[in-house]
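For reference, the chains in residue letters:
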Amino acid sequence: MKKILFLSAVVLLQLTTMAQDAWKSDKAHSQLTFSVLHMGLSDVMGLFKDFSATITSSKPDFSDAVIEMTADVASINTGVEMRDNHLKTADFFDVATFPTMTFKSTSVQNAGADKYTVTGDLTLHGVTKPVTMNLWHRGTSTNPKDKKMSAGFQLTGTIKRTDFGIGAKFPAAMLSDEVEIKANGEFGKQ
């Protein structure tokens, strides 16, 4: 009987220490943006208006985080309707065939105080490739309005559009191959 109680206590302790906290992006305080160089002259910036992200972690410093993101590619917005409509075509994102973009982290490595290197699988335009990004945990605090915990993050990095078959007709002299990604977000503890 003592052996059964001891084993039950060990299992309960393991389950308690393995408890995962889920954090969900707050749409009103989150953005998924990108920037690409046009003709070597100016940065064209845009964002995906419709996306959601979750972070799951058992540690308060998020050093074991699993990050998942999904974006509606048709929600792309560069501030120029004609360009946005072109970006939705087969010349670029082909949203009719590939309507979503997803990311799921596969590892998080410490890179300094509140900073991490995140590697994961990005699926875009029907292609899945590993990418590495920089993550900054900006802090955690209690929201004074609803008394719930919120955490802030910034994710930055660069991908190559040609790795995902995007804009193959457009040479790098016209449209840079490198696309800078920047995501800022507040996440509410669920």
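Engineer: Give a description of the overall build of the chain that names residues and reports values.
Structural biologist: Counting secondary structure elements, the chain contains 2 helices and 10 strands. Written out in order from the N terminus, the α and β elements of the chain read α-β-β-β-β-β-α-β-β-β-β-β. The principal-axis extent of the C-alpha atoms belonging to the chain is close to 75 × 35 × 35 Å. For the chain, the proportion of its 190 residues judged to be buried stands at 35%. Long-range pairs, those at least 24 residues apart, make up 53% of the contacts in the chain with a sequence separation of at least 6. If you sum the accessible surface of the chain, you get close to 11400 Å²; carbon and sulfur atoms cover 59% of it. For the chain, the separation between the mean place of its 20 positive charges and that of its 20 negative charges on side chains is 7 Å.

Engineer: Now, about the pattern of salt bridges: what can you tell me, with residues and values included?
Structural biologist: All told, the structure shown has 3 salt bridges when counted by the stated rule. Linking aspartate 21 and lysine 189 is a salt bridge whose minimum nitrogen-to-oxygen distance equals 3.7 Å. A residue pair is termed long-range when its members are at least 10 positions apart, and aspartate 21 in strand β1 (residues 21–38) and lysine 189 in strand β10 (residues 175–189) qualify at 168 residues. Across the salt bridge formed by lysine 27 and aspartate 50, the nearest N and O atoms sit 3.6 Å from each other. With lysine 27 in strand β1 and aspartate 50 in the loop between β2 (42–48) and β3 (51–57), the pair connects residues that are 23 residues apart, well separated along the chain. Residue classification places lysine 27 among the exposed positions, given a relative accessible area of 58%.

Engineer: Give a detailed account of the packing of aromatic side chains, specifying residues and quantitative values.
Structural biologist: Taken as a whole, this structure holds 6 aromatic pairs when the rule is applied. An angle of 20° between the planes, with centres 4.8 Å apart, marks the rings of phenylalanine 92 and phenylalanine 170 as stacked. Placement of the pair is phenylalanine 92 in the loop between α2 (81–87) and β6 (100–110) and phenylalanine 170 in the loop between β9 (149–160) and β10, with a sequence separation of 78 residues. Taking relative accessible area as the criterion, phenylalanine 170 reaches 18% and is therefore assigned buried. Seen in terms of ring centroids, phenylalanine 153 and phenylalanine 187 are 5.5 Å apart; in terms of plane orientation they differ by 85°. Their pairing is edge-to-face. Of this pair, phenylalanine 153 sits in strand β9 while phenylalanine 187 sits in strand β10, and the two are 34 residues apart along the sequence. For the pair shown, phenylalanine 153 and phenylalanine 187 are each scored as buried. Pairwise contacts between aromatic rings join Trp23, Phe62, Phe153 and Phe187 into one cluster. One residue, lysine 115, lies across the ring of tryptophan 136, its end atom 5.3 Å from the ring centre.

Engineer: Residue-level account of the nonpolar core, with values.
Structural biologist: Residues Leu32, Phe48, Phe93, Met101 and Ile159 are the most contacted members of the largest nonpolar core, which totals 42 residues. When residues of this core are assigned to their parent elements, the largest contribution, 5 residues, is made by β10. In contact with isoleucine 159, other than residues within four places in its own chain, are Leu122, Leu124, Val131, Met133, Phe164, Asp177, Glu178, Val179 and Ile181.

Engineer: Account for a nonpolar patch on the surface, naming residues and giving values.
Structural biologist: A surface patch of nonpolar side chains, amounting to about 320 Å² of accessible area, comprises Met39, Leu41 and Met174. By the element assignment, methionine 174 lies in the loop between β9 and β10.

The rules behind the values
- Residues numbered from 1 in each chain as written.
- Predicted model: local features only at pLDDT ≥ 70, side-chain atom pairs only at ≥ 80, totals over all residues.
- Heavy atoms only, no water.
- Helix = DSSP H or I, 4+ residues; strand = E, 2+ residues; numbered from the N terminus.
- Buried < 20%, exposed > 50% of the residue type's maximum accessible area, 1.4 Å probe, protein only.
- Contact = heavy atoms within 4.5 Å.
- Areas by Shrake-Rupley, 256 points an atom, 1.4 Å probe, with all protein chains shown as cover.
- Lys, Arg positive; Asp, Glu negative; His and termini not counted.
- Charge placed at Lys NZ, Arg CZ, Asp CG, Glu CD.
- Salt bridge = Lys/Arg side-chain N within 4 Å of Asp/Glu carboxyl O.
- Phe/Tyr/Trp six-rings, centres within 6.5 Å; stacked < 30°, edge-to-face > 60°.
- Lys NZ or Arg CZ within 6 Å of the ring centre and 35° of its normal.
- Core = buried A, V, L, I, M, F, W, Y, C linked by side-chain atoms within 4.5 Å.
- Patch = residues over 30% accessible without salt bridge, like charges linked within 9 Å, V, L, I, M, F, W, Y side chains within 5 Å.

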